Amino acid sequence: MKKRSFTFVLLLLIMAGVSFRNSNRISAKEKKIGSFRYTYKVDANNKVWLQKVEICKSKNISTLVIPSKLEGKPVYKLGSKHDKVTGYQPEADNLFGMYVNEENSKLEPRKIIRQVAKIKKIVLPNSVEEITYSCFYGLQNGKSINIPKGVQENVEWICREVKWNKFKVSGKNRSYKVKNGVLLSKDGKVMYTTVGPLKKMIIPASVKSIESIGCCYSNNTVEVHIPKTVTQDYLGSVMKSNHYVKFRISSKNKKYGIANGSIYNKKNKQLVVGVTNSDTFIVPQPIECLKDIAFAAKNVKKIVIPAFVKEVANANGTGEYQVDSYQFLSKKPPVLNRFEMAKFTFYVPKRSKSSYRKALPQTGADIRIVEK
């Protein structure tokens, strides 16, 4: 009897599981409007989550107007069903079905990329409240978009790897605004990122902190002005880039200053962002410490360490850089940190090789020391 009961319960569970899977499978619906087909789902809140936009025809697609309602229900959320509103999901497509091939890090499929390139303007309805992390990732630069009043979080994600020709935030939005081409919090105290191509980025004087997913400016920015109000820690994480940038910092900034083009911390004389237009970075005075190293440079291969530098850490410690040699100008080595498991060439003054060898960690380091 017990065996029959167990079998009956097991069958019920299997049937329930099949039913649940089937309900998930059919929960997504489709509707064609003009040249676009929309895949969507009606959530438990009786609102519509728009999960995909497909281009059906190549004509009349320069402007994409996201519908405010489907089935008479408001469209409140945009983004792939695999995407989240809390961060990157490697399996997530963008709203159009584009994704990053993990083998070659390139966007695919090519057909969709060519189709989406023809869209020049995206109009979001006032009903939209949520946008997933990868929703607009990988779109071609130069399009225009509006941010409605209801989107109160994660607007900076819309600028992730995309620079918009026009980026307008509703005046009724209580969380965001745009000034000087940068996205700010409504009170102007927090800066997130540039919203479009910007050669000269002037951070408004109201900004006290920068919250960005990596570099806070576009890849064509060549000049950045930092006001006296920006004194946050870890400034290098939002100011580093893979190209040369001219930084200007207000002389009234109590924490950060400029030394031969590089940003440094005035209080502890630590390098914040090293700047060079060649593959060699020479540490300028009055910098004495290289700890959490960041660069605004294309490809730094060599660092020159003058005698006034007291502490040096492995520049490749984060995996971002490929520095392969250090040239030390002092016979007395500085404090050397994080060189375990490292492979470098140290160029040191004559008759100082043994001193540098002693200063290095005893295990794991593969460092060739050459006197010159």
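Keep in mind the model is a prediction, meaning the values are calculated, not measured.

## Observations concerning the sheet that holds strand E31 (residues 366-371)
Phase 1 of the analysis: Read from one edge to the other, the open sheet built from 5 strands follows the order E23-E26-E28-E30-E31, with strand pairing classed as parallel. Two strands in the sheet have a free side with no partner beyond their single neighbour: strand E23 (280-282) and E31. Geometrically, the sheet is characterised by an average inter-axis angle of 20° between neighbouring strands, direction not taken into account.
Phase 2 of the analysis: Strand direction decides the pairing type here: E23 and strand E26 (residues 302-305), joined by 3 bridges, are parallel. Note that in E26 the partner of isoleucine 282 across the bridge is valine 304.

## As for the confidence of the model for the protein chain
Phase 1 of the analysis: Per-residue confidence for the protein chain gives a mean pLDDT of 89; residues scoring 70 or more make up 89%.
Phase 2 of the analysis: Across residues 16-26 the pLDDT falls below 50, and counting only partners more than four positions away or on other chains, this stretch makes 0 contacts in the model.

## Description of unusual backbone geometry
Phase 1 of the analysis: In this chain, glutamate 108 is followed by proline 109 through a cis amide linkage whose omega measures -10°.
Phase 2 of the analysis: Among the structural elements, proline 109 can be located in the loop between strand E8 (107-108) and helix H2 (110-116).
Phase 3 of the analysis: Cis geometry marks the peptide bond from glutamine 285 to proline 286; its omega dihedral reads 5°.
Phase 4 of the analysis: By secondary structure assignment, the location of proline 286 is in the loop between E23 and strand E24 (289-290).
Phase 5 of the analysis: In this structure, asparagine 60 takes a positive phi of about 55° despite not being glycine.

Rules and cut-offs
- Residues numbered from 1 in each chain as written.
- Predicted model: local features only at pLDDT ≥ 70, side-chain atom pairs only at ≥ 80, totals over all residues.
- Heavy atoms only, no water.
- Pairing = 2+ DSSP bridges.
- Helix = DSSP H or I, 4+ residues; strand = E, 2+ residues; numbered from the N terminus.
- Axes fitted to C-alpha atoms, helices over the stretch in contact; angles between N-to-C directions.
- pLDDT = per-residue confidence, 0-100.
- Contact = heavy atoms within 4.5 Å.

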